[in-house]
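# Coordinates in review
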Amino acid sequence: MNLQEINKTKTSILKLLGDNCVYAALLKLKMLIDATADYTLREQYQQQRTAYDSLLQYVVAGAQDTGREKILQDITQSIYTLTDLCVIALSCNQSYELFYTRWATHSRGTIGEIVSKYDNLAKRSQLLQAAPASRLNQQALAEVKRAAEMTETDMFDQVWTRFPLSAIDCAAVSSVFASQQVPGYFKGLLISALLLGSTKFYDPSKLNLLLDIYINSDNDDLQIRALTAAIIIIYQYHTRLLGNHQLEAKLRLLDDCAHFRNDVMSILRRLIYSRNTENISKRMREELMPNLMKINPDLLNKLKGKSGIVDPSELEDNPEWADWLEKSGITKKMEELQELQFEGGDVFVSTFSHLKGYPFFNIMANWFMPYHDSHSSIDSTFGPGESPLRKVIADAPFLCDSDKYSFAFSMGSVPEMQRKMMMSQFDAQNASLKEMTSAELPDDKKRQRDMLANRYIQDLYRFFKLFSRRAEFKSIFDSSMDFLQIPFLRHILDDKLNLGVIAEFYMKNGFYDDAIGYYGRILEVDHNVTPQVLQKIGFAHQNLGHFAEAIDFYKRYEIVNDHDTWTLRHIATCYRALRDTGNALVYYKKAEKLAPDNASLCLNIGHCLLEQGKTNDALNYYFKVDYLAPEKHKAWRPIAWCSFAVGNFEQSENYYKKIIESGEDEVQDHLNYGHVLLCSHRAAEALSQYRTALVMEKGDKVDAFTHDFDADAHYLVEKGLDWHYITLMREAVISRQFKQQ
């Protein structure tokens with residue numbers, strides 16, 4: 001079997017199990033078993049085949065068995081596991097994926113052996129550090145540290161690729177988390193290994209370990225990491241886990257934990273917020289950075305000190321700088337980004353994405369390494385011993401661990417003077433952000449756990465989006481993250497406030513499909529919901545182009561509040577989008593009664609009347625618009641066109657002249673002005689306007705002009721012009737173009 005056939009067979013087995021076709025799945029599995037030629041796998045397969053045959057015989061015999069559901073669940077789980085074992089066995093000699101190459105490297109060792117090795121290195125380090133300062137062997141200490149870091153990486157790879165974890169493996173991993181001597185960063189690293197392994201092949205033992213860590217650990221960071229990993233796994237396999245009573249029971253126990261519900265919602269919100277990261281990065285690239293690049297060089301030079309470096313502390317106090325920032329809109333954009341950052345938005349990913357090329361990130365495990373300034377790579381950057389830089393970076397509350405490493409490495413190449421300046425500013429920002437969060441959120445414990453969740457999810461995001469071989473990994477960040485599908489956690493989500501927070505986020509950031517789902521769930525769980533929810537669902541449908549559905553929800557809101565101009569206008573807009581001009585006009589008129597001097601409403605009423613062929617009535621509304629908002633010039637084009645349509649060529653010409661003189665003229669304005677002049681028997685002047693229209697066309701100018709001119713020809717015929725004369729006029733315009741070429 002080649003890799004394509006292996007994966008195709010696995011997909012088929014998973015689908016059959018999902019459809020409860022267990023016998024057919026067993027037949028498919030036999031193909032994989034036979035291909036492996038593995039005696040142990042064949043024996044395990046035969047056991048499950050025999051167990052399922054026996055179960056079917058009992059069913060046919062009419063025997064009552066209260067444990068039947070549990071037996072079926074065990075058989076199904078065994079088929080899943082056997083399928084994955086076959087895939088590993090068949091792929092390891094063919095695939096160059098990291099998982100299979102690392103599996104081949106570590107398959108003969110045991111997790112327990114690595115734990116023992118790590119313990120021995122820790123003891124050796126303690127012995128070396130116990131020596132008097134004068135006799136401290138720094139070289140030996142550095143060698144032990146590097147050996148320990150290599151062992152941490154080996155342990156990560158073992159836990160990640162071991163499938164399934166045996167009882168002995170689980171005991172070895174549990175001993176690491178129970179030990180007071182093992183550093184917290186290593187435990188945090190192993191949590192990511194458990195997560196990464198489970199995203200490749202589901203292993204109930206790994207999920208149970210994560211939930212046990214959350215229950216038993218007294219470390220906030222480890223708890224949040226473990227629960228985040230568990231939620232991601234449960235989401236990825238939520239269909240497969242349906243009916244898993246053991247998992248349900250464990251999660252019910254967690255409901256009694258002090259922070260569980262808040263932690264779940266914090267993690268779910270931040271996973272959902274990560275969907276907006278690409279939009280934030282796009283704003284940084286397309287809005288903020290281009291404007292910053294437009295800074296006047298003379299202004300920049302004025303701000304540079306003797307060192308030739310802009311001191312950030314001086315920028316805020318410089319009136320010229322502040323004025324330019326305000327006028328350019330940068331100040332507003334930076335305030336918006338700062339607000340996004342405070343809400344948990346990932347505003348740094350676009351900046352730090354260019355700083356993941358350091359050798360440190362060539363080791364996959366290091367993408368998940370919690371930041372600790374005792375790492376040998378930090379020693380190599382700043383030198384051994386204490387350094388203010390180490391503390392400033394470690395304390396940065398708004399940087400995830402991956403970005404802290406990137407920032408530290410980037411500082412290694414910065415000149416000392418500039419480094420000190422940047423560090424002082426960075427330190428001040430740390431203090432400012434801490435003060436801001438303390439003022440906004442009085443619940444220190446909850447705030448701390450929220451920030452831990454935010455930073456860990458950002459670390460995961462960087463790996464799954466930036467790692468060079470990320471295509472080999474299944475990423476939650478590429479999914480819809482519809483957590484309403486998870487039955488195990490729905491009782492936490494099914495709170496009006498929690499649903500509302502997520503729905504508002506989706507609405508605010510343009511994820512309208514998702515917003516509809518969450519607002520719809522609010523309607524299901526709370527029949528006394530505020531009517532604005534109906535209005536918001538309508539708006540979301542409208543933005544998706546579901547105009548009939550939008551009208552339905554808007555009208556349900558209208559029953560409660562029929563004097564809401566905004567809703568009436570949007571109903572009218574939806575009807576117009578459906579080409580139902582009659583109903584659109586009815587609702588625009590309703591809105592007009594509430595806001596008779598609204599220029600936009602009058603303009604839309606004019607458009608509806610024009611579409612109905614009531615040109616004179618439309619003209620009256622367009623003149624009203626021009627009276628109400630003369631500075632906006634919105635009514636000039638429709639007045640000019642309607643005047644032409646009713647034969648008032650002089651009035652039409654006056655308005656086309658005004659449009660052209662305003663500098664807001666477009667191709668269609670010159671084309672239409674040409675029509676007016678042609679119908680006024682001023683062919684030479686018409687030719688000039690047509691020529692201008694042709695020159696302004698985009699792409700193939702002649703084809704574009706011909707299309708636009710021919711589309712309007714029937715209006716000229718209606719005004720009494722001969723068809724042949726109209727065609728020849730078009731040809732005269734085009735011939736001039738070719739003569740000039």
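For every chain, the first residue of its written sequence is number 1, and the numbers climb from 1 along that sequence. Selection of residues for local features in this predicted model requires a pLDDT of at least 70, selection of side-chain atom pairs for listing and counting requires 80 or more, and totals for whole chains, interfaces and linings are taken over all residues. Remark: hydrogens and water are excluded; side-chain values derive from all non-hydrogen atoms of the structure.

Labels follow the DSSP assignment, with helices taken as runs of H or I lasting at least four residues and strands as runs of E lasting at least two, numbered in each case from the N terminus. When helices and strands are tallied, the protein chain shows 39 helices and zero strands. Across the 741 residues that make up the protein chain, the buried fraction comes to 48%. Whether two residues touch is decided by their heavy atoms; if any such pair falls within 4.5 Å, the residues are in contact. A fraction of 67% describes how many contacts in the protein chain between residues 6 or more apart in sequence connect residues 24 or more apart. Note on areas: these come from Shrake-Rupley sampling with a 1.4 Å probe, and a residue is covered only by the protein chains present in the view. In the structure as shown, the protein chain presents an accessible area of about 36700 Å², 52% of it carried by carbon and sulfur atoms. Note on exposure labels: buried denotes an accessible area under 20% of the residue type's maximum, exposed denotes more than 50%, and partly exposed covers the range between, all computed with a 1.4 Å probe on protein chains only.

This part covers helix α29 (residues 547-560). For α29, which comprises 14 residues, the first-to-last C-alpha distance of 20 Å matches the rise-based estimate of 20 Å (1.5 Å per residue) to within 8%. Listed in full, the buried residues belonging to α29 are Ala550, Ile551, Phe553, Tyr554, Tyr557 and Glu558. Structurally, α29 contributes buried residues whose contacts are with α27 (512-525), α28 (532-543), α30 (565-577) and α31 (581-594). How far a helix is expected to stretch is found by multiplying one less than its residue total by 1.5 Å.

Here we take up the environment of Leu98. With respect to the secondary-structure elements, Leu98 resides in helix α5 (residues 98-106). If sequence neighbours within four positions are ignored, Leu98 has contacts with Trp160, Met364, Phe467, Arg469, Glu472 and Phe473.

The next point concerns the nonpolar core. Counting 153 residues, the largest nonpolar core has Leu271, Phe483 and Tyr518 as the members making the most contacts within it. The greatest single-element share of this core, amounting to eleven residues, is contributed by helix α11 (residues 220-236). Not counting residues up to four positions away in its chain, the partners in contact with Phe483 are Tyr235, Leu268, Leu271, Ile272, Ile476, Leu493 and Tyr518. Here, nonpolar core refers to any group of buried Ala, Val, Leu, Ile, Met, Phe, Trp, Tyr and Cys residues whose side-chain atoms link them within 4.5 Å. Counting residues in hydrophobic clusters, the runner-up holds 59 residues, among them Tyr554, Leu585, Phe705 and Leu721.

Here the amide bond leading from Phe163 into Pro164 is cis, since omega sits at -15°, within 30 degrees of zero. Its identity is not glycine, yet Asn20 carries a phi of approximately 65°, on the positive side. Topologically, Asn20 is positioned in the loop between α1 (3-18) and α2 (22-36). One non-glycine residue, Met481, lies in positive phi territory at about 55°. For Met481, the location among the structural elements is in the loop between α24 (444-466) and α25 (490-493). Among the residues examined, Met481 registers a relative accessible area of 0% and is labelled buried.

As a further point, take the packing of α1 against helix α4 (residues 68-91). The geometry of α1 relative to α4 is characterised by a closest axis approach of 10 Å and an angle of 175° between their N-to-C directions. Comparing the axis directions of α1 and α4 gives the class roughly antiparallel. Note on element contacts: α4 touches α1 through Thr76, Ile79, Tyr80, Thr83, Asp84, Val87, Leu90 and Ser91, opposite Leu3, Ile6, Lys10, Ile13, Leu14, Leu17 and Gly18. Gly is put with the polar residues, along with every residue not named as nonpolar or charged; the nonpolar set is Ala, Val, Leu, Ile, Met, Phe, Trp, Tyr, Cys and Pro, and the charged set is Asp, Glu, Lys and Arg. A breakdown of the residues in the contact of α1 with α4 according to their chemical character gives nine nonpolar, four polar and two charged. Axis definition: a line fitted to C-alpha atoms, over the contacting stretch in the case of helices. Angles run 0 to 180 degrees between N-to-C directions. Oblique is the label for every angle not falling under 35 degrees (roughly parallel), over 145 degrees (roughly antiparallel), or within 65 to 115 degrees (roughly perpendicular).

Take a side-chain nitrogen of Lys or Arg and a carboxyl oxygen of Asp or Glu: if they are within 4 Å of each other, that pair is a salt bridge. The final tally for this structure, using the stated rule, is 37 salt bridges. In this structure, Asp74 and Lys70 form a salt bridge, with 2.8 Å as the shortest nitrogen-oxygen distance. With Asp74 and Lys70 both in helix α4, this residue pair falls four residues apart, about one helical turn.

This part covers the environment of Phe505. Take Phe505: it is sitting in helix α26 (residues 496-508). Placed 229 residues apart in sequence, Phe505 and Asn276 show a C-alpha to C-alpha distance of 9.4 Å. Once residues within four sequence positions are removed from consideration, Phe505 is found in contact with Ile272, Tyr273, Asn276 and Phe511.

Before going further, it helps to spend a moment on the packing of helix α36 (residues 667-679) against helix α38 (residues 701-718). For the pair α36 and α38, interaxial distance at closest approach is 11 Å and the crossing angle is 40°. Taken as axis vectors, α36 and α38 run oblique relative to one another. In the packing of α36 onto α38, the handedness of the crossing is right-handed. In contact with Val667, Gln668, Leu671, Asn672, His675, Leu678 and Cys679 of α36, α38 contributes Phe705, Asp708, Phe709, Asp712 and Leu716. Within the contact of α36 with α38, the residues separate by chemical class into seven nonpolar, three polar and two charged. Crossing chirality is assigned from the near helix's rotation relative to the far helix, an anticlockwise turn below a right angle marking it left-handed and a clockwise turn marking it right-handed.

For the rest of this paragraph, the subject is the packing of aromatic side chains. Each aromatic pair joins two rings of Phe, Tyr and Trp (for Trp, the six-membered one) with centres within 6.5 Å, and gets the label stacked for planes under 30 degrees apart, edge-to-face for over 60, and tilted for any other angle. Tallied over the entire structure, the rule returns 47 aromatic pairs. Here Phe348 and Phe352 contribute two aromatic rings whose centre-to-centre distance is 6.1 Å and whose plane-to-plane angle is 70°, an arrangement assigned as edge-to-face. For Phe352, a relative accessible area of 6% corresponds to the buried category. Look at NZ for Lys and CZ for Arg. If either is within 6 Å of the ring centre and within 35 degrees of the ring normal, a charge sits over the ring. Against the face of Tyr80 rests Arg240, its NZ or CZ located 3.7 Å from the ring centre. We note Lys719 situated over the ring of Phe644; from NZ or CZ to the ring centre the distance is 5.4 Å.

Before going further, it helps to examine the side chain of His106. As for its position among the elements, His106 is in helix α5. Look past the residues within four positions of His106 in its chain and what remains in contact with it is Asp154, Asp157, Gln158 and Arg162.

A turn of α-helix holds 3.6 residues, and therefore any two residues three or four places apart point the same way. Here helix α9 (residues 184-200) contains 17 residues, and its C-alpha end-to-end distance of 25 Å stays within 8% of the 24 Å for a straight helix at 1.5 Å per residue. For α9, the buried fraction is high: 15 of the 17 residues fall into the buried class.

A few words on a nonpolar patch on the surface. Residues Tyr23, Leu27 and Leu56 make up a contiguous nonpolar surface patch of roughly 240 Å² in combined accessible area. Within the secondary structure, Leu56 is located in helix α3 (residues 39-60). Patch rule: a residue counts if its relative accessible area is over 30% and it has no salt bridge; like charges are joined within 9 Å, and nonpolar side chains (Val, Leu, Ile, Met, Phe, Trp, Tyr) within 5 Å.

Turning next to the side chain of Gln48. Among the secondary structure elements, Gln48 is positioned in helix α3. A relative accessible area of 15% places Gln48 in the buried class. Setting aside chain neighbours within four positions, we find Gln48 in contact with Ile75, Ser78 and Leu82.

This part covers the environment of Asn279. Counting through the fold element by element, Asn279 comes out in helix α14 (residues 277-292). A residue is classified by how much of its surface remains accessible, and Asn279, at 34% relative accessible area, is partly exposed. Once the C-alpha coordinates of Asn279 and Val347 are considered, the two residues, 68 residues apart in sequence, prove to be 9.9 Å apart. Ignoring any residue separated from it by four or fewer positions in sequence, one finds Asn279 in contact with Asn509 and Phe511.

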